[in-house]
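# Summary of the model geometry
Listed below are the residues making up each chain.
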Amino acid sequence: PEDILYLYHNSPTNSGIINRKAKLMAGNEYKFSNPDADFFAIDINFSELFYKVCLDYSLYHTFCLEAISKTYVNKIADIKYQDASLVRLTDNTEKLAISTDWSDGQCKIEYVNAFDINNSNIQEGFFFFSSAGPGVANYAYPTYWAGMKSIEAEFELFNHLSTCFN
């Protein structure tokens, strides 16, 4: 994914290709087999929601959604997009950690409920999906990941130059 992220952020051509792929994956018309889904889906912009999910999946191999339930009935009332790069798994399978800046060691971390798709009782929570490979199974690549090799190269070059001039 770091190569894809690098190309996505640095090449208009590749960015356009990935954006178009995400649009094609998301589609533009949605029909539900469950009649209850039409009722709650009226206020949700599924075109935008699915596009963001498909873009996250194309870039990070993960996506995250927040399910919000009605308080008076046990049904989902809304689904919102959550930036998957801000979400981390925790030791507790019922909780996820969200932070706006994981690169800061003093970042504020919010622990939220994980949505359990196997639970018949609908509840609120965040649904996090990842098909990432070994080493990234627990969380998505951060947005700065594509620049890591460049940062390492600059660091090594600085160390080399500083020893040459000393």
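Model, not experiment: these values are computed from the prediction. (Residues numbered from 1 in each chain as written. Predicted model: local features only at pLDDT ≥ 70, side-chain atom pairs only at ≥ 80, totals over all residues. Heavy atoms only, no water.)

## Quick word on the pattern of salt bridges
The following threshold applies: We count a salt bridge whenever a side-chain nitrogen from Lys or Arg sits within 4 Å of a carboxyl oxygen from Asp or Glu. Think of it this way: any DSSP run of H or I at least four residues long counts as a helix, any run of E at least two long counts as a strand, and we number them from the N terminus. The rule is simple: take the accessible area with a 1.4 Å probe, protein chains only, and divide by the maximum for that residue type; under 20% is buried, over 50% is exposed, in between is partly exposed.
According to the stated counting rule, one finds one salt bridge in the structure shown. Note that Lys52 is salt-bridged to Glu48, the shortest N-O span being 3.0 Å. Of this pair, Lys52 and Glu48 both sit in helix 4 (residues 46–60), four residues apart, which is roughly one turn of the helix. Classification of Lys52 by relative accessible area gives partly exposed; the value is 29%. We classify Glu48 as partly exposed; its relative accessible area is 41%.

## Let's talk about the side chain of Arg88
Condition: Positive charges come from Lys and Arg alone, negative charges from Asp and Glu alone, with His and the N- and C-terminal ends not counted. Whenever a nitrogen or oxygen atom comes within 3.5 Å of another N or O atom, the pair is scored as a polar contact, on the condition that within protein one atom can donate a hydrogen and the other can accept it, and that pairs from neighbouring residues in sequence are kept only if both atoms are in side chains.
For Arg88, the location among the structural elements is in strand 3 (residues 87–89). Asp83 provides the closest opposite charge to the buried, salt-bridge-free Arg88, at an N-O distance of 8.2 Å. Among the polar contacts made by the side chain of Arg88, one reaches the main-chain carbonyl oxygen of Ser85 at a distance of 2.9 Å.

All we've got here are geometric facts, nothing functional implied.
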